[in-house]
Amino acid sequence: MASRLLLKNLSKRHLLCSAFASRSASTLVLAEHEGGSIKAQSLSAVVAANSISQDNSVSMLLAGSGSSLQQAAKRAATCHPSVSQVLVADSDKFEYPLAEPWAKLVQLVQQKGGYTHVIATSGSFGKNILPRAAALLDVSPVTDVVEINGAHQFVRPIYAGNALCTVRYTGSSPCMLTVRSTSFPVPPISANAKSDGAPISQVDLSTLDEDSIGKSRYIKLSSEDTERPDLGSARIVVTGGRALKSAENFKMIEKLAEKLGAAVGATRAAVDAGFVPNELQVGQTGKIVAPELYMAFGVSGAIQHLAGMKDSKVIVAVNKDADAPIFQVADYGLVGDLFEVIPELLEKLPEKK
Amino acid sequence: MVAVKRVVDYAVKIRSGVETQNLKMSMNPFCEIAVEEALKIKEAGLAQEVVAVTIGPANCVDTLRTGLAMVADRGIHVEAARELVPLTVAKVLKRLVKVENPGLLILGKQAIDDDCNQMIAGLLGWPQGSFASKVVLEKEKQVATVDREVDGGLETLCLDLPAMITTDLRLNQPSYATLPNIMKAKSKPIKKYTPEELNVEIKYDLEVVQVTEPPKRKAGVILSSIDELIDKLKSEAHVI
């Protein structure tokens, strides 16, 4: 009886194996670069590609112009052992990551390369460009994916993360996704991982469809110059809410962040009130973060804010109101006045190593 | 043209199974902002007419009436019994744009369950200003200068009209429709279409397999002192 059962299981597994082997994938990752380096979030897209299929060739697509692009391409070639090819689109049209030329580029590269999957991380770059490209390729994209269950089944949060929806993609190639970088962490890559690096090839842009390119023009980017680590990938995040009462008081949050080597975050209320610029907003409509330590000061814990940080490993909340919803997700809570707690923390915390 | 979507009210707490039968439904908050922006543009004399559009089953007309009460002169309801995939929604909107010829298409940047509005701009070949926190229209030059909230800060783009904008939360503060306007809205015309009448092939390339509750976090503790907090973070959580 037992042996028959064993045989049955073995034959099932054999079938699964052969099905898997014949279903090889090829993935195009839309990558971002800055100052000659690949942005950390783009590597998450490569990690996500690995979950799609064991047999998956990953190509990274970069666009831009000039030497910083070529430098980024060289970095891309060795950034992750899974990357088997780097495609570079070098043109003035890509000087800024505008959706119109990028979508046409993806269409062009897809038509030539016939990839089974196209992935970008779901930051403002991916969210802006991938759906437009999907429309040009006549497919529905799956956005904000947090889990990949095979080549065509994905899990994504809905209702501000209060529910998880598993969807199956049943359309034609390519299957297009944006993935949450916090759900696909990049393991540290050993120095010897890929000594040679993937081949780099220039994309032939001579047949790039010009229609709609040029109708949008980049004017400027206003951003705060900061030495703080990137909010999306920082190990520790210190967030302040409206209870900080002023931009001046917010400096306390910054001091604490400095002491911990952390990034600074803010709630939507704090940004709306003008205490800090929008790029610090954590939440459903801001950035999604999942650091090792998330410290929230004067944050009530509205659903939309929780949606942006509830996957943090350790959550600390400090609030005067013992009934604040934030305490329901906090691992460690302190009911107290942040104006007293923060100075004491600054005094007592060990210096960062 | 403004697109509005009827969704579960954002303040409703969702539990697993997501039974939407008796839940409070309202206009997607981002669509409210889109409607408000259309109102501001019309009040500034930069638009002659605002058309509100919704796609979905019969009860979506409620949402359309709200749009009509706020600002829209006419409404369009594309009736679809089943939830359409983003690609089909985009194709329907494209057809409507071809019929109506608006100079500006405004949508919310995301809904409670999707965020694919950029697709329509792709199908139309129009420039897109997504996640807009400020829109300035210049009629003579036929351009829109848009400030967008991006990961790196605030990006400013100049778009040739006709263009598509998706609204971010800080674009404006939606106002409420006044009672007289709500009454007037009842007699504003709503044109009905079906996707078939618009020559849109309904394709389903996404299938919902299941909806589940996310794993719950383990309950935390309230500590009594900062010393205790630092100690826990060091020796228990090992994060500092």
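Calculation criteria
- Residues numbered from 1 in each chain as written.
- Chains lettered and ligands numbered in written order.
- Predicted model: local features only at pLDDT ≥ 70, side-chain atom pairs only at ≥ 80, totals over all residues.
- Heavy atoms only, no water.
- Pairing = 2+ DSSP bridges.
- Helix = DSSP H or I, 4+ residues; strand = E, 2+ residues; numbered from the N terminus.
- Axes fitted to C-alpha atoms, helices over the stretch in contact; angles between N-to-C directions.
- Contact = heavy atoms within 4.5 Å.
- Core = buried A, V, L, I, M, F, W, Y, C linked by side-chain atoms within 4.5 Å.
- Buried < 20%, exposed > 50% of the residue type's maximum accessible area, 1.4 Å probe, protein only.

**Looking at the sheet that holds strand β14 (residues 236–240) of chain A**
Reasoning step 1: Strands sit in the order β15(A)-β14(A)-β16(A)-β17(A)-β18(A)-β13(B) across an open sheet of six strands; the sheet is parallel. Both edges of this open sheet fall to β15 (263–266) of chain A together with β13 (221–223) of chain B, since each of them pairs with a single strand only. Strand-to-strand, the axes of this sheet are offset by a mean angle of 20°, without reference to chain direction.
Reasoning step 2: Of the strand pairs in this sheet, strand β16 (residues 293–297) of chain A and strand β17 (residues 314–319) of chain A are connected by five bridges, and their pairing is parallel. Of the residues in β17(A), the one forming a bridge with A:M295 is A:V316.
Reasoning step 3: In the packing of helix α9 (residues 338–348) of chain A onto the sheet, contacts are made with β16, β17 and β18 (332–335) of chain A, and the angle to β16(A) comes to roughly 140°.

**A few points about the nonpolar core**
Reasoning step 1: Core analysis: the largest hydrophobic core is formed by 99 residues, its most contacted members being A:L30, A:M60, A:L61, A:W102, A:L105, A:L177 and B:L96.
Reasoning step 2: Those residues in contact with A:L105 that sit more than four places away from it in its chain are A:L61, A:A63, A:A89, A:F94, A:V203, A:L205 and A:L208.
Reasoning step 3: By size, the runner-up hydrophobic cluster in this structure holds 37 residues, among which are A:M252, A:L280, A:L293 and A:F297.

**A closer look at unusual backbone geometry**
Glycine aside, residues mostly have negative phi angles, and peptide bonds mostly take the trans form.
Reasoning step 1: Here the residue pair A:S173 and A:P174 is connected by a cis peptide bond, since its omega of -5° sits within 30 degrees of zero.
Reasoning step 2: Following B:L161, the chain continues into B:P162 via a peptide bond in cis, with omega recorded as 0°.
Reasoning step 3: As for its position among the elements, B:P162 is in the loop between β9 (153–160) and β10 (163–167).
Reasoning step 4: Of note, B:N101 is a non-glycine position whose phi angle comes to about 55°, a positive value.

**As for the pairing of strand β9 (residues 153–158) of chain A**
Residue and element names in this part refer to chain A.
Reasoning step 1: Among the six residues that make up β9, six are buried, leaving the element largely enclosed by the rest of the structure.
Reasoning step 2: A two-sided burial pattern is seen for β9, the buried positions comprising Q153, V155 and P157 on one face and F154, R156 and I158 on the other.
Reasoning step 3: Looking at chain direction, strand β8 (residues 147–148) and β9 are connected through two bridges and run antiparallel. Bridging from a neighbouring strand, I148 pairs with F154 of β9.
Reasoning step 4: Adjacent in sequence and paired antiparallel, β8 and β9 are bridged by four residues, among which G150 carries a positive phi angle near 110°.
Reasoning step 5: Pairing of β9 with strand β10 (residues 163–169), which is carried by six bridges, proceeds in the antiparallel orientation.

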